[in-house]
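Chain by chain, the residues:
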Amino acid sequence: MSSQPVLACQAPPDVETDDCLQEYTYLFSPDILKGQVAFITGGGSGIGFRIAEVLMRHGCRTVIASRNLQRLTEAAKKLSAATGQRCLPLVLDVRQPQTIVAAVDEALKEFGKINILVNNAAGNFLCPASSLSFNAYKTVMDIDALGTFNVSKVLYEKSFRDHGGAIVNISATLHYKGQALQVHAGSAKAAIDAMAKHLAVEWGPNRIRVNNIAPGPISGTEGVRRLADPRPSGNSIFQLIPLQRMGNKTEIAHGVLYLVSPLASYVTGTTLVVDGGAWLTSPNGFSSLLGTASHSAKL
Ligand code: HXC
Ligand code: NAP
């Protein structure tokens, strides 16, 4: 553990790839999640991988669940090796409730309980509304919005209703200003933000807290690879962010750590924006972003 003072807006170290951190400074108690079990959708890559790592470094065991078993299995090995905690990789598609039920049953068989859910799975690409097919809009709504509801409902029925729990959904800030080329993802994330309020109200009496984190642009992620402007001048956009930089995956994971921990024991139904102030100042020019879209091949 380092004894260097950490400045309040200094980025913690991170790595760009889906690998564990080479160094980690504990700011919260290392035991703050001791004995807990977290179910993290999309935990095999990007932000979800780092969330799994940081929760595991604080004593939590994890399930990482998505469609690609090979990537999940490799991720689980790395996560366990770096943290000494167990990580169970399981296949599911958040659009298919029966696959969620099977995965949650398997996780409960393995760990006996689940206390934390992180709804992180999502799909996105840049596309103007006029070019978006009906199915493209539906696909993103299905993964992001319905998927978040599906997994929350299965975990409510199988565990949280009787034992309590903490849910964190990974949202975005796209809908705050109606981000160009993002009607599908922005609509889905707006639904997630609303869903957290509804579920916080209905499930509070069951000792379930439900919150969102809305990241800004986060380095080393598929999200930024797909959505950021690859042209050289594109970097200058970060100078428009109040904190003058992109965020990193560890910073999102730290937000999740706070929200699922007892430090947030009275926090529910809210959204924590972790974006360096970006949504307040970032440009949202439809015509200039169309130039960006032309660089984004259909992925
Ligand atoms: C326009 C597209 C498209 C693109 C797919 N579609 N990619 N339309 N532009 N680039 C259309 C397809 O043509 C099809 O419509 C429909 O979407 C479904 O496509 P499929 O490939 O059949 O879907 P599926 O296999 O289910 O894959 C879902 C996916 C895919 C979202 C399209 O990209 C995926 O699996 N993504 C997961 C990883 C990901 O996106 N990570 C980034 C998250 S970042 P038609 O009409 O042809 O049938 C993020 C950041 C938010 O969310 C904010 C950042 C600041
Ligand atoms: P990512 O690595 O592509 O993460 C998305 C994950 O979702 C993948 O692990 C993927 O795994 C999983 N997934 C996709 N469709 C699924 C499905 N149908 N069922 C189950 N799992 C599915 O991208 P990321 O950039 O780290 O994004 C993570 C989260 O942060 C997302 O909610 C995103 O909207 C949000 N976010 C990101 C940024 C950013 O700058 N990156 C900004 C704002 C918000 P499989 O392919 O194995 O299914």
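Colleague: How should the overall build of the protein be read in this particular structure?
Modeller: Looking only at helices and strands, one finds nine helices and seven strands in the protein. By its C-alpha atoms, the protein is 50 × 50 × 40 Å across when sized along the principal axes. Relative to its full complement of 299 residues, the protein shows a buried share of 50%. Contacts in the protein between residues far apart in sequence, at least 24 positions, make up 79% of those at least 6 positions apart. For the protein, the accessible surface area stands at approximately 14,000 Å², while carbon and sulfur atoms represent 56% of it. Considering the protein, the positive charge centre built from 27 side chains and the negative charge centre built from 22 side chains are found 2 Å apart.

Colleague: What is the right way to look at the site of ligand 2 in this model?
Modeller: What surrounds ligand 2 is a group of 27 residues, the closest being Ser45, Ser66, Arg67, Asn120 and Thr221. At 2.7 Å, a side-chain N or O of serine 66 approaches an oxygen atom of ligand 2. Alanine 122 is positioned with one of its backbone polar atoms (N or O) 3.4 Å from an oxygen atom of ligand 2. Computed on the free molecule, ligand 2 has an accessible area of 880 Å², of which 89% lies beneath the protein chains in the complex. Those elements that place two or more of their residues in the shell around ligand 2 are α1 (46–57) and α6 (222–227).

Colleague: Mind showing me how you'd approach the pairing of strand β4 (residues 116–119) here?
Modeller: The two faces of the sheet receive side chains in turn, since in a regular strand these alternate between them. Of the two faces of β4, the one lined by Ile116 and Val118 and the one lined by Leu117 and Asn119 are each fully buried. The pairing of strand β1 (residues 37–41) with β4 spans three bridges and is classified as parallel. Bridge pairing links alanine 38 to isoleucine 116 in β4. Taken together, the four bridges between β4 and strand β5 (residues 165–170) define a ladder with parallel strand orientation. Within the sheet, the bridge partner assigned to asparagine 119 lies in β5 and is asparagine 169. Read from β4 through helix α4 (residues 134–163) to β5, the crossover connection turns out right-handed.

Colleague: Got a minute to help me understand the nonpolar core in this structure?
Modeller: Within soluble globular proteins, side chains that are nonpolar tend to cluster in buried spots. Within the largest apolar cluster, 35 residues are counted, with the highest numbers of intra-cluster contacts made by Leu33, Ile51, Leu55, Ile64, Leu79, Val256 and Val260. Secondary-structure elements contributing two or more residues to this core are β1, α1, α2 (69–83), β4, β5 and α7 (249–260). Excluding its chain neighbours within four sequence positions, the residues that come into contact with leucine 33 are Leu55, His58, Gly59, Cys60, Ile116, Leu257, Val260 and Ser261. Of all hydrophobic cores here, the second largest spans 31 residues; its members include Leu90, Leu155, Tyr156 and Ala196.

Colleague: Honestly, the environment of leucine 199 in this entry has me stumped. Any pointers?
Modeller: In this fold, leucine 199 is placed in helix α5 (residues 183–203). Spatially, the C-alpha atoms of leucine 199 and valine 118 are 14 Å apart, while their sequence positions differ by 81 residues. Beyond its immediate chain neighbours, meaning those up to four positions away, leucine 199 contacts Ser152, Gly204 and Val210.

Colleague: Looking at this structure, how should I read the side chain of threonine 221?
Modeller: Within the secondary structure layout, threonine 221 lies in the loop between β6 (208–215) and α6. Sequence-distant contacts of threonine 221, that is, excluding residues within four places in its chain, are made with Ile47 and Lys249.

Colleague: Would you mind showing me how to read the side chain of asparagine 115 here?
Modeller: In this structure, asparagine 115 sits in the loop between α3 (97–111) and β4. Asparagine 115 gets classed as buried once you look at its relative accessible area, which sits at 18%. Polar side-chain contacts of asparagine 115 include one of 2.7 Å to the backbone nitrogen of valine 37. When sequence neighbours within four positions are dropped, the list of residues in contact with asparagine 115 reads Gly35, Gln36, Val37, Phe160, Gly165 and Ala166.

Colleague: Is there a simple way to think about the sheet that holds β4 in this case?
Modeller: Strand-to-strand pairing in sheets goes through backbone hydrogen bonds, with the strands running parallel or antiparallel. The seven strands lie next to each other as β3-β2-β1-β4-β5-β6-β7, forming an open sheet whose pairing is parallel. Since the sheet does not close on itself, it has two edges, and those belong to β3 (87–91) and β7 (271–274), each with one partner. Pairs of neighbouring strands in the sheet enclose a mean axial angle of 20°, with direction left out of account. The sheet contact formed by strand β2 (residues 61–66) and β3 spans five bridges and is parallel.

Colleague: What is the right way to look at unusual backbone geometry in this model?
Modeller: Glycine aside, a negative phi is what most residues show, and trans is what most peptide bonds show. Look at leucine 181: it is not a glycine, yet its phi comes out positive at around 70°. Of note, leucine 181 is situated in the loop between β5 and α5. For leucine 181, a relative accessible area of 5% corresponds to the buried category. Phi at glutamine 244 takes a positive value of approximately 65°, unusual for a residue other than glycine. When you line up the elements, glutamine 244 lands in the loop between α6 and α7.

Cut-off values and rules
Just so you know, the residues in each chain are numbered from 1, in the order the chain's sequence is written. The lettering of chains begins at A and the numbering of ligands begins at 1, in the order of writing. Given that the model is predicted, a residue must reach a pLDDT of at least 70 before its local features are reported, and side-chain atom pairs must reach 80 or more before they are shown or counted; all residues, however, enter totals for whole chains, interfaces and linings. Only hydrogens and water are set aside when side-chain values are computed; all heavy atoms of the structure are taken into account. Here a strand is any run of E in DSSP of at least two residues, a helix any run of H or I of at least four, and the numbering for each starts at the N terminus. Accessibility here uses a 1.4 Å probe with only protein chains present; expressed as a share of the type maximum, an area under 20% marks a residue as buried, one over 50% as exposed, and anything in between as partly exposed. Should any heavy atoms of two residues lie within 4.5 Å, those residues are considered in contact. Accessible surface area values rest on a Shrake-Rupley calculation with a 1.4 Å probe, where residue burial reflects the displayed protein chains alone. His is not counted, nor are the chain ends, whereas Lys and Arg count as positive and Asp and Glu as negative. Working definition for charges: the position is that of NZ of Lys, CZ of Arg, CG of Asp or CD of Glu. Whether a residue is near a molecule or strand is decided by its heavy atoms; if any one of them lies within 4 Å of it, the residue is near. A 3.5 Å cut-off defines polar contacts: any pair of N or O atoms within that distance qualifies, except that in protein one atom must be a possible hydrogen donor and the other a possible acceptor, and neighbouring residues in sequence count only when both atoms are side-chain atoms. Two strands pair under a simple rule: DSSP has to find at least two bridges between them. With the strands aimed away from the viewer, a crossover counts as right-handed if its path from the first strand over the helix to the second runs clockwise. Working definition of a nonpolar core: buried Ala, Val, Leu, Ile, Met, Phe, Trp, Tyr and Cys residues. They are joined through side-chain atoms within 4.5 Å. Here the axes come from fitting lines to C-alpha atoms, over the contacting stretch only for helices, and the angles between their N-to-C directions go from 0 to 180 degrees.

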